[in-house]
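A look at the structure
Residue-level listing of the chains:
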Amino acid sequence: ASSVRSRPWFPRAEAARYDIRYGLFGSIGQLEVRTGGVVTVTDGRSIIKLRGSGHGSIFGLGSMDRRFEADFDTVALESRRWVDTRRSGGERADQATVDRGEHGRPGETRVRRHKPGRADELRALAPLIAATIALGLLSRWRRALPALGEEDVVQILDGLALWRVRAATVSLHDAVPESDRFAVRLEA
């Protein structure tokens, strides 16, 4: 169950950059997200286009590059369709794994994975709570951040893996390392 604080939010073209930190390792990657304007409005729902790219590694090992595109429903606060393209360090663009997903019937999520040289895999999931992708989760929190001290529980689809994320807002004015800026801090 989630308890989120909703605030007015209107889709517009914007860009955001995130520093991904993991405990004592510190910064392990960066993610850049671009939000487009309204793509469509259906049944009172605005669907906006999200694009993102990320890269990272831990001490230079296990490097990963990702590209994302998603149609995000601003009412349901989830990604409706998405494409997730990933490459490990050293792989060429034509060697990338591409996952295409969408919400089908109510409660069903479908993902088609394409890996070069293999037959495509198709999976249908029926998660207990709605599943979105990482890009959708960031957009969800831009729209409805958990209130201070409260938590939000969401399932994240990462390729064919399903993760349950439990996050709480722990500070609304947290000092950003190595800068003179402040930010909201979530712990998950």
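Residues numbered from 1 in each chain as written. Predicted model: local features only at pLDDT ≥ 70, side-chain atom pairs only at ≥ 80, totals over all residues. Heavy atoms only, no water.

1. Here's the deal with the overall build of the chain
- Assigned secondary structure in the chain consists of one helix and 14 strands.
- Put simply, the chain has 188 residues, and 34% of those count as buried.
- Pairs at least 24 residues apart make up 37% of the contacts formed inside the chain by residues separated by at least 6 positions.
- Split by element, the accessible area of the chain, about 11500 Å² in all, is 52% carbon and sulfur. (Helix = DSSP H or I, 4+ residues; strand = E, 2+ residues; numbered from the N terminus. Buried < 20%, exposed > 50% of the residue type's maximum accessible area, 1.4 Å probe, protein only. Contact = heavy atoms within 4.5 Å. Areas by Shrake-Rupley, 256 points an atom, 1.4 Å probe, with all protein chains shown as cover.)

2. Digging into the pairing of strand β5 (residues 61-73)
- Sheet topology places strand β4 (residues 45-58) next to β5; eleven bridges connect them, and they run antiparallel. Among the inter-strand pairings, G52 is bridged to a residue of β5, identified as F68.
- Direction of pairing for β5 relative to strand β6 (residues 78-88): antiparallel, over a ladder of ten bridges. If you follow D71 over to β6, its bridge partner there is R81.
- Turn length for the β5-β6 hairpin, with the two strands adjacent in sequence and antiparallel, is four residues, and the turn residue L77 shows positive phi of about 60°. (Pairing = 2+ DSSP bridges.)

3. With respect to unusual backbone geometry
- For L77, which is not glycine, the phi torsion reads 60° and is therefore positive.
- When you line up the elements, L77 lands in the loop between β5 and β6.
- By relative accessible area, L77 is classed as buried at 12%.

4. As for the nonpolar core
- Counting 15 residues, the largest nonpolar core has L50, A70, W82, I133 and L135 as the members making the most contacts within it.
- At the level of elements, β3 (26-42), β4, β5 and α1 (134-143) are the ones that each hand at least two residues to this core.
- Apart from the residues lying within four places of it in its own chain, the contact partners of A70 are I48, K49, L50, S79, R81, W82, I133 and L135.
- Core analysis: the next-biggest nonpolar cluster, separate from the first, contains seven residues, W141, L145, I156 and V165 among them. (Core = buried A, V, L, I, M, F, W, Y, C linked by side-chain atoms within 4.5 Å.)

5. Digging into the sheet that holds strand β14 (residues 182-187)
- Taken in spatial order, the four strands line up as β10-β12-β13-β14 in an open sheet, and their pairing is mixed. Edge positions in the sheet fall to β10 (131-132) and β14, since each has one partner strand and no second.
- Note: strand β12 (residues 151-158) against strand β13 (residues 161-175), eight bridges, orientation antiparallel. In the sheet register, V153 faces β13, and the bridge partner there is R166.

6. What about the confidence of the model for the chain?
- Summing up the model confidence of the chain, the mean pLDDT is 81 and the portion of residues at 70 or higher is 88%.
- Every residue in residues 1-9 scores below 50 in pLDDT, and together they form 31 contacts with partners more than four places removed in sequence or on other chains. (pLDDT = per-residue confidence, 0-100.)

7. A look at the pairing of strand β7 (residues 97-103)
- Extensive coverage of β7 is indicated by the burial of five of its seven residues.
- Two strands pair when backbone bridges link them, and β6 and β7 are joined in this way by six bridges, in the antiparallel orientation. Looking across to β7, one finds that R81 is bridged to E102.
- Across six bridges, the pairing between β7 and strand β8 (residues 109-114) is antiparallel. Each residue of the ladder has a partner; that of H103, found in β8, is T109.
- Once β7 ends, the chain turns through five residues before running back antiparallel as β8, passing G107 with a positive phi of about 85°.

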